Amino acid sequence: MNARNDVKRPSDQSLDARLVLAGAELRFAARVDFLVARWLERCATNVEAAQRLFEADRKPTREFGMGVSLVVSSTHWDASP
């Protein structure tokens, strides 16, 4: 009769399973949060690098545009033949 007392009842087993499942769920959520945060950080780094590249590309374009406008306003074009 004492042997029965050592065996857990089904309600105790289901409670333990729920606690294990809850703990696993929390660990999984924490891991997903970590991975998403790391991915977002990489995305932000890539965006910053791309913005620096585009800023460097824009500067020569502006200078080139100013040079073209100077050529167009040249007096050589306004002279009559």
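Residues numbered from 1 in each chain as written. Predicted model: local features only at pLDDT ≥ 70, side-chain atom pairs only at ≥ 80, totals over all residues. Heavy atoms only, no water.

Caption draft 1: Main features of the overall build of the protein chain. The number of helices and strands found in the protein chain is three helices and zero strands. Counted from the first residue to the last, the protein chain has its helices and strands arranged as α-α-α. For the protein chain, with 81 residues in total, the buried portion stands at 1%. Of the roughly 8,000 Å² that the protein chain leaves accessible, carbon and sulfur atoms contribute 63%. (Helix = DSSP H or I, 4+ residues; strand = E, 2+ residues; numbered from the N terminus. Buried < 20%, exposed > 50% of the residue type's maximum accessible area, 1.4 Å probe, protein only. Areas by Shrake-Rupley, 256 points an atom, 1.4 Å probe, with all protein chains shown as cover.)

Caption draft 2: Broad picture of the confidence of the model for the protein chain. Across the protein chain, pLDDT averages 75, with 53% of residues at or above 70. Per-element averaging of pLDDT across the protein chain places helix α3 (residues 75–78) at the bottom with 54 and helix α2 (residues 10–72) at the top with 80. Taken together, the stretch residues 67–72 has pLDDT below 50 and engages in two contacts with residues farther than four places along the chain or on a different chain. (pLDDT = per-residue confidence, 0-100. Contact = heavy atoms within 4.5 Å.)

Caption draft 3: Just a nonpolar patch on the surface, in detail. On the surface, Phe-28, Val-32, Val-36, Trp-39 and Leu-40 cluster together into a nonpolar patch covering about 520 Å² of accessible area. Relative to the assigned elements, Phe-28 resides in helix α2. (Patch = residues over 30% accessible without salt bridge, like charges linked within 9 Å, V, L, I, M, F, W, Y side chains within 5 Å. Salt bridge = Lys/Arg side-chain N within 4 Å of Asp/Glu carboxyl O.)

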